[in-house]
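Structure at a glance
Letter by letter, the chains look like this.
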Amino acid sequence: MVPETPPGDSPQQLLQQWIADVPYQLLLLEKVLLPGAFLFDYSARSLDTLEALLLEKCDEESAQLPENRAELVGSATAYLGEVLLGIAGGGWGWNTRPVDGLPGQPVVWPDPELALSPVAPRLLIAHALRVRTGTAFAEEIARLRQAVTARQHDVPGWEPVKEHTPHVDPEAPLPEDPVLTAWLAEREEALYPWAEDAFEGAWRWNFHPDTLDWLEVVVRRRFATVEEFDAARDEPFVQGACWYLGEVIRRNKGAVWQYVPFDPDAEPGAPGSRESVWTEVPFVDQPDKRIGGAAIPLGCLRELLLDAEGADAEQGDDRLRDVLVWFRASSHAHVGALLLRMGMVTREKVDSVLAEYAAFAHEELSPHEVPATLEAFGVAISAHGDDVDDLEESYAHILERAEALTDGAVAITDVRLRADKEHGEVLEFARNGVVVTQTTDHQSDDYLDHLAIMEFIGHVDPDPGDDPRRFHLVQFVRLMETNFETYFVFATPEQATVLEKELGLAMR
């Protein structure tokens, strides 16, 4: 009689355990084992660097401890497998043949249309460490690409399909729950009195990451123990602190607010169940980014007091701003994918911009760089914040670029900056043949009047009955060494709402 395989050791269970562990392995590789070593953009070229690092760190003569080597190989297996899946499609599988004392190993099954055998990333890594050519990964990539190209020759337009890896591959945010909508509106409306109370009237609530240090000090001073904090969790100060922390994360990293209501049918421990910490509490998340961060602001604030128990309340090892490290900022590639998803740009436009910025298309953007990226994709314009050579020409250029985005719905002509007895200088132009005048206030002949631009840009909006798009002023967190440009994005109200929620912006 053959004994039954314990459920926990069945191939299906082992595969599920591995897939659930992949996000952790990827973060371990990026944040702990190889921090800053290369750009984790899941591209084929990143594997060249990964292979070189593995050869260096897994040299038989190096001081690499066996357990550390196993940890590195395990995490590299996850990254290598995800890159291979991105090229050949398909999904993770499990091979039951024992290896290195383990009951089998994860494998990558390419898209079934390719009719290829599975690839075992761990064995591919072992092969690379054995032959030590530095090209083992590239050769496997070339083999898979050749198979994809052959299939595309037989079936024009065919593309390999990758199975979704939970918590790794981007996905759409949850629909906004009415409870969350009401909470966000309430907290934003209460910002000024909350900030007056929290920061004693000082200007420390501009959503800059540095303001989290002030917030941390205030929380530690207000609550001596976790019990005191828990007793006040529903009071305005704590709720306001939760919103402010979440907004700093959202505006600096491009996260979205999420809320999971109680679901009586949810599995125990799953979001929606009573056992889950994610149920019925506002949190910030990055579902549309690969290995995006997620945090419950209430839990982050509470953690400050847990860490400080038994120590000096203001000398904790962890800082509130450290939570930002786990969130992934937007990139040109991410912004392009979002615009494409909403139909604001074409695939050709995205490809051309990413080709132009190929060297840093996947690098993280600071908050002030996000609006400039929208301009690069052709859905926004900017007004120069530094000195200009000619005021009238600069205003004309702004109007010319704005006009171009309307696709002929609005024609701007006869732009001139003229003297005015009452107002000093007036900007004048014709909108579809109708003269428009805008007062201006110039402190010098070198700098544009940005308040005037905010007022007259609305005249370039198409007629609402013909085109719902309009120009929205983009507000963002200005960090050190930021630019002083003013940006306007041309979008429908619905598109502007998505850009605001998912890119950490504020629209007016």
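Check the entry above for the structure.
Cut-offs used in this document
- Residues numbered from 1 in each chain as written.
- Predicted model: local features only at pLDDT ≥ 70, side-chain atom pairs only at ≥ 80, totals over all residues.
- Heavy atoms only, no water.
- Helix = DSSP H or I, 4+ residues; strand = E, 2+ residues; numbered from the N terminus.
- Buried < 20%, exposed > 50% of the residue type's maximum accessible area, 1.4 Å probe, protein only.
- Contact = heavy atoms within 4.5 Å.
- Lys, Arg positive; Asp, Glu negative; His and termini not counted.
- Charge placed at Lys NZ, Arg CZ, Asp CG, Glu CD.
- Patch = residues over 30% accessible without salt bridge, like charges linked within 9 Å, V, L, I, M, F, W, Y side chains within 5 Å.
- Areas by Shrake-Rupley, 256 points an atom, 1.4 Å probe, with all protein chains shown as cover.
- Salt bridge = Lys/Arg side-chain N within 4 Å of Asp/Glu carboxyl O.
- Pairing = 2+ DSSP bridges.
- Polar contact = N/O pair within 3.5 Å; in protein donor to acceptor, adjacent residues only side chain to side chain.
- Arc of directions from axis to C-beta.
- Axes fitted to C-alpha atoms, helices over the stretch in contact; angles between N-to-C directions.
- Parallel < 35°, antiparallel > 145°, perpendicular 65-115°, else oblique.
- Nonpolar A, V, L, I, M, F, W, Y, C, P; charged D, E, K, R; others polar.
- Phe/Tyr/Trp six-rings, centres within 6.5 Å; stacked < 30°, edge-to-face > 60°.
- Lys NZ or Arg CZ within 6 Å of the ring centre and 35° of its normal.

1. Here's the deal with the overall build of the chain
On a plain count of helices and strands, the chain comes out with 17 helices and 12 strands. The principal-axis extents of the C-alpha atoms in the chain amount to approximately 100 × 65 × 50 Å. A total of 508 residues make up the chain; the buried ones form 48% of that total. Contacts spanning at least 24 positions in sequence make up 62% of the contacts within the chain whose residues lie at least 6 apart. Seen as two clouds, the 41 positive and the 91 negative side-chain charges of the chain have centres 2 Å apart.

2. Comments concerning a negative patch on the surface
There is a patch of like negative charges on the surface, built from Asp-386, Asp-387, Asp-389, Asp-390, Glu-392, Glu-393, Asp-445 and Asp-446. Within the secondary structure, Glu-393 sits in helix H15 (residues 391-405).

3. A closer look at the sheet that holds strand E5 (residues 294-295)
Read from one edge of the open sheet, three strands run E3-E4-E5, paired in antiparallel fashion. The strands lining the two open edges of the sheet, one partner per strand, are strand E3 (256-258) and E5. By the bridge criterion, three bridges tie E3 to strand E4 (residues 283-285) in an arrangement that is antiparallel. The residue of E4 that forms the bridge with Val-256 is Asp-285.

4. Considerations on the side chain of Arg-328
Counting through the fold element by element, Arg-328 comes out in the loop between helix H11 (297-308) and helix H12 (332-341). Residue Arg-328 is classed as buried on the basis of its relative accessible area, which comes to 15%. A distance of 2.9 Å separates a polar atom in the side chain of Arg-328 from the backbone oxygen of Arg-290. Apart from the residues lying within four places of it in its own chain, the contact partners of Arg-328 are Leu-27, Glu-30, Lys-253, Gln-286, Lys-289, Arg-290, Ile-291 and Glu-364.

5. Digging into helix H4 (residues 121-131)
Every buried residue belonging to H4 is among Pro-121, Arg-122, Leu-124, Ile-125, Ala-128 and Leu-129, and all of these are buried. Burial along H4 is one-sided: seen end-on, the buried residues are contained in an arc of 160°.

6. A word on unusual backbone geometry
Here the phi dihedral of Arg-132 falls at roughly 55°; this positive angle occurs in a residue that is not glycine. Locating Arg-132 in the fold gives a position in the loop between H4 and helix H5 (136-154). A relative accessible area of 37% places Arg-132 in the partly exposed class.

7. Here's the deal with the packing of H4 against H5
A packed helix pair is summarised by two numbers, namely the angle formed by the two axes and the spacing between the axes. It is the contact of H4 with H5, at a shortest axis distance of 9 Å, that shows an interaxial angle of 130°. The orientation of H4 with respect to H5, classified from their angle, is oblique. Along the contact surface, H4 presents Leu-124, Ile-125, His-127 and Ala-128, while H5 presents Ala-136, Phe-137 and Glu-140. In terms of residue class, the contact of H4 with H5 is built from five nonpolar, one polar and one charged.

8. Let's talk about the sheet that holds strand E9 (residues 434-440)
Read from one edge to the other, the open sheet built from three strands follows the order E7-E8-E9, with strand pairing classed as antiparallel. Edge strands, defined here as strands with exactly one partner in the open sheet, are strand E7 (412-420) and E9. In this sheet, neighbouring strand axes are inclined to one another by 20° on average, regardless of whether the strands run parallel or antiparallel. Examined bridge by bridge, E7 and strand E8 (residues 424-431) share seven bridges and lie antiparallel to one another.

9. Digging into the pairing of E9
Pairing analysis gives seven bridges linking E8 to E9, with the strands arranged antiparallel. Looking at the pairing, Arg-431 lines up with Val-434 of E9. Once E8 ends, the chain turns through two residues before running back antiparallel as E9, passing Asn-432 with a positive phi of about 50°.

10. As for the packing of aromatic side chains
Scanning the entire structure with this criterion turns up 21 aromatic pairs. Between Trp-194 and Phe-237, the aromatic rings sit 6.3 Å apart at their centres with planes inclined by 25°, giving stacked as the arrangement. Of this pair, Trp-194 sits in helix H7 (residues 191-198) while Phe-237 is found in helix H10 (residues 236-253), placing the two residues 43 residues apart along the sequence. The same class applies to Trp-194 as to Phe-237, namely buried. On the numbers, 6.1 Å between centres and 80° between planes, the contact of Phe-199 with Tyr-244 is edge-to-face. Separated by 45 residues along the polypeptide, Phe-199 in the loop between H7 and helix H8 (211-222) and Tyr-244 in helix H10 bring together distant segments of the chain. Since its relative accessible area comes to 0%, Tyr-244 is described here as buried. Through successive ring pairs, a cluster of aromatic residues spans Trp-194, Phe-199, Phe-207, Phe-223, Phe-229, Phe-237, Trp-243 and Tyr-244. The ring of Phe-237 is capped by Arg-222, whose NZ or CZ atom sits 4.0 Å from the centre of that ring.

11. Things to note about the environment of Ala-294
Note on placement: Ala-294 falls in strand E5. Measuring from C-alpha to C-alpha, the distance between Ala-294 and Gly-89 comes to 27 Å, with 205 residues separating the pair along the chain. For Ala-294, the contacting residues outside a window of four places in its chain are Trp-278, Val-284, Asp-285 and Phe-327.

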